[in-house]
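Fold and geometry: a report
Now for the letters of each chain:
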Amino acid sequence: MISVEEHLARILASIPAPTITERALNSSAGRVLAADVASRFPVPHFDNSGMDGYAVHHADAKVGATLRVVADIPAGSADDPRIGAGEAARIMTGAAVPSDADAIVPLEHTTEGTRVRANAPETITITEEPRPHAHIRRAGEDAPAGSIAVPSGTVLGPWQLSSIASAGHERIPVFARPRVAVISTGSELVSPSATPRRGQIPESNSVLLAAAVTEAGAEVEWTTTVADDNEALAAALVAPAVDAIILTGGASVGAFDVVKAVLNGVGSIEFTSVAMQPGKPQGFGLTPSGIPVFCLPGNPVSVAVSFEMFVRPALRRLAGFLDIERPRRTVPAGVGWKARADRMQVMPAIIVDDTVRPATHGGSGSHLVMSLAQATALALVPADVSQVNAGDLVTVMEIR
Ligand SMILES: Nc1nc2c(c(=O)[nH]1)N[C@H]1C(S)=C(S)[C@@H](COP(=O)(O)OP(=O)(O)OC[C@H]3O[C@@H](n4cnc5c(N)ncnc54)[C@H](O)[C@@H]3O)O[C@H]1N2
Ligand code: MOO
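Residues numbered from 1 in each chain as written. Chains lettered and ligands numbered in written order. Predicted model: local features only at pLDDT ≥ 70, side-chain atom pairs only at ≥ 80, totals over all residues. Heavy atoms only, no water.

We now examine the overall build of the chain. Summing up its helical and strand segments, the chain has six helices and 27 strands in all. Oriented by its inertia axes, the alpha-carbon framework of the chain measures out at about 95 × 50 × 40 Å. The burial tally for the chain puts 46% of its 400 residues in the buried class. When contacts within the chain are restricted to residue pairs at least 6 apart in sequence, long-range pairs at least 24 apart make up 71% of them. Accessible surface computed for the chain: about 18700 Å², of which carbon and sulfur atoms make up 53%. Looking at charge distribution, the chain has the averaged site of its 31 positive side-chain charges lying 5 Å from that of its 41 negative ones. (Helix = DSSP H or I, 4+ residues; strand = E, 2+ residues; numbered from the N terminus. Buried < 20%, exposed > 50% of the residue type's maximum accessible area, 1.4 Å probe, protein only. Contact = heavy atoms within 4.5 Å. Areas by Shrake-Rupley, 256 points an atom, 1.4 Å probe, with all protein chains shown as cover. Lys, Arg positive; Asp, Glu negative; His and termini not counted. Charge placed at Lys NZ, Arg CZ, Asp CG, Glu CD.)

Near ligand 1 lie 23 residues; those nearest to it are Glu188, Glu203, Ser204, Ala251 and Gly298. Separating an oxygen atom of ligand 1 from a backbone N or O atom of Gly250 is a distance of 3.1 Å. Within the complex, the protein chains bury 68% of what would otherwise be the 870 Å² of accessible surface of ligand 1. Contributing elements (two or more residues each) for the shell around ligand 1: strand S12 (179-185), strand S14 (201-202) and helix H6 (300-318). Partitioned by chemical class, the residues of the shell around ligand 1 number eight nonpolar, eleven polar and four charged. (Near = heavy atom within 4 Å. Polar contact = N/O pair within 3.5 Å; in protein donor to acceptor, adjacent residues only side chain to side chain. Nonpolar A, V, L, I, M, F, W, Y, C, P; charged D, E, K, R; others polar.)

A word on the site of ligand 2. All residues in the neighbourhood of ligand 2 are listed as Pro278, Gly279, Lys280, Pro281, Asn299, Ser302, Arg343 and Ser366. In this structure, an oxygen atom belonging to ligand 2 sits 2.6 Å away from a main-chain N or O atom of Lys280.

Pairing within the open sheet is mixed, and its five strands lie in the order S7-S4-S6-S5-S8. The open sheet has two edge strands, strand S7 (103-106) and strand S8 (123-125), and neither has a second partner. Each adjacent strand pair in this sheet contributes to an overall mean axis angle of 40 degrees, direction not counted. (Pairing = 2+ DSSP bridges. Axes fitted to C-alpha atoms, helices over the stretch in contact; angles between N-to-C directions.)

With that settled, consider the packing of helix H1 (residues 4-14) against H6. Viewed as axis vectors pointing N to C, H1 and H6 meet at an angle of 30 degrees, and their least axial separation amounts to 10 Å. Classed by the angle they form, the pair H1 and H6 counts as roughly parallel. H6 is crossed by H1, and the crossing has right-handed handedness. Touching Val4, His7, Leu8, Ile11 and Leu12 of H1 are Met309, Phe310, Pro313, Ala314 and Arg317, all from H6. (Parallel < 35°, antiparallel > 145°, perpendicular 65-115°, else oblique. Left-handed = near helix turned anticlockwise from the far one by under 90°.)

Now for the sheet that holds strand S19 (residues 281-286). Hydrogen bonding along the main chain pairs the strands of a sheet, whether they run parallel or antiparallel. Spatially, six strands are ordered S15-S12-S16-S20-S19-S17 in an open sheet, and the strand pairing comes out mixed. Edge positions in the open sheet fall to strand S15 (219-226) and strand S17 (270-273), since each of these has one partner strand only. Along the sheet, successive strands turn relative to each other by an average axial angle of 20 degrees, direction set aside. Here S19 pairs with strand S20 (residues 292-296) via four bridges, running antiparallel. In the sheet register, Phe284 faces S20, and the bridge partner there is Phe294. Lying on the sheet, H1 is in contact with S17, S19 and S20; it crosses S19 at an angle near 20 degrees. Running over the sheet, helix H3 (residues 205-215) touches S12, S15, strand S16 (244-248) and S20 and is turned about 170 degrees from S15.

Laid out in structure tokens, this is it:
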């Protein structure tokens, strides 16, 4: 048996580098930026007014002074009108401040007040003196030209995308989302809407994996279910135009374990026992064309746990994320439970009053699919611990 850490290290060492694609800002939320984005110009681009008011010479703008209004500057205007001594220009928020002006007097600080008028008045009288440079937003005060607006590796949310737009970019390099195929194997599997006869069960692994793959920041290209039949599986594997393949079932030592029979030794794919409970039988490797293949044990809880511990970090690496693992923290156990002394127990768990307890009454049984619905975390109990007692500190990974 190899340890959980060894298996993950082997996987991460063989994951190909993420690929880069160019996308429009409007379809890039949630993606990872693949290069530094620098501002194409200073932001703001030019000195502009922070208030609706009048651009003035500060020296003229004494309380009681009457100034002649010689220009009217709406936002968007490229004008740079001359303003002589005793003169002012009406100016709107965001409009370029005339080169001659060195302060803005807000509408409220003139006898005009905030009365809406289509045309500028002929004169205004100052009722409150501005500070020098009042309400002028300086070119480059937010970011100088050429400065890094958003660094490579940033996960793009609304705020970062707005900064990139303001830095003058419409299309950006991001890491491509890996396209993933999911293949469930098992002759006992029927669709969830079917009424299973004795021996049959609803197929749930592809449902779990499709949602988990999407949550991880990758895309499900296709899912399929195949019977325990070597030829059917081989046919499903022909030329899949994907970046990763996840299979479930048939990874153990059963007489009909077709995944292992068909894939063991193909490319670098090999099957190993990992010291993890559940999820001991694991297959991983690259196909001859270099596509990573994850062969997970069929039990639904084993699939959930194997995805979190091995597949999710790999998909996130492939998608360009810098943080590929869930944050971990330690919390006291709220109750005691048994663990296996030879494998790391990865237990679906709930957090109650900042203590952790199993999400089921049946421990970490790999078939207890219904109790997964209650779980919000995985509790990680080291391989050498066979009993967790109430109050022991336990490492948890919170899933949602
Ligand atoms: N003699 C041994 N038997 C088993 C061993 C062992 O070491 N020696 N290991 C056990 C462990 S641990 C696990 S885990 C399982 C893994 O078995 P497989 O990967 O071959 O999985 P299957 O046998 O195909 O299925 C196991 C279980 O899960 C159900 N299943 C499978 N696929 C789905 C699906 N898509 N949706 C819902 N449920 C699914 C399946 O019906 C079985 O009940 O092997 C142990 N045996
Ligand atoms: O390793 Mo298995 O996944 O315990 O049932």
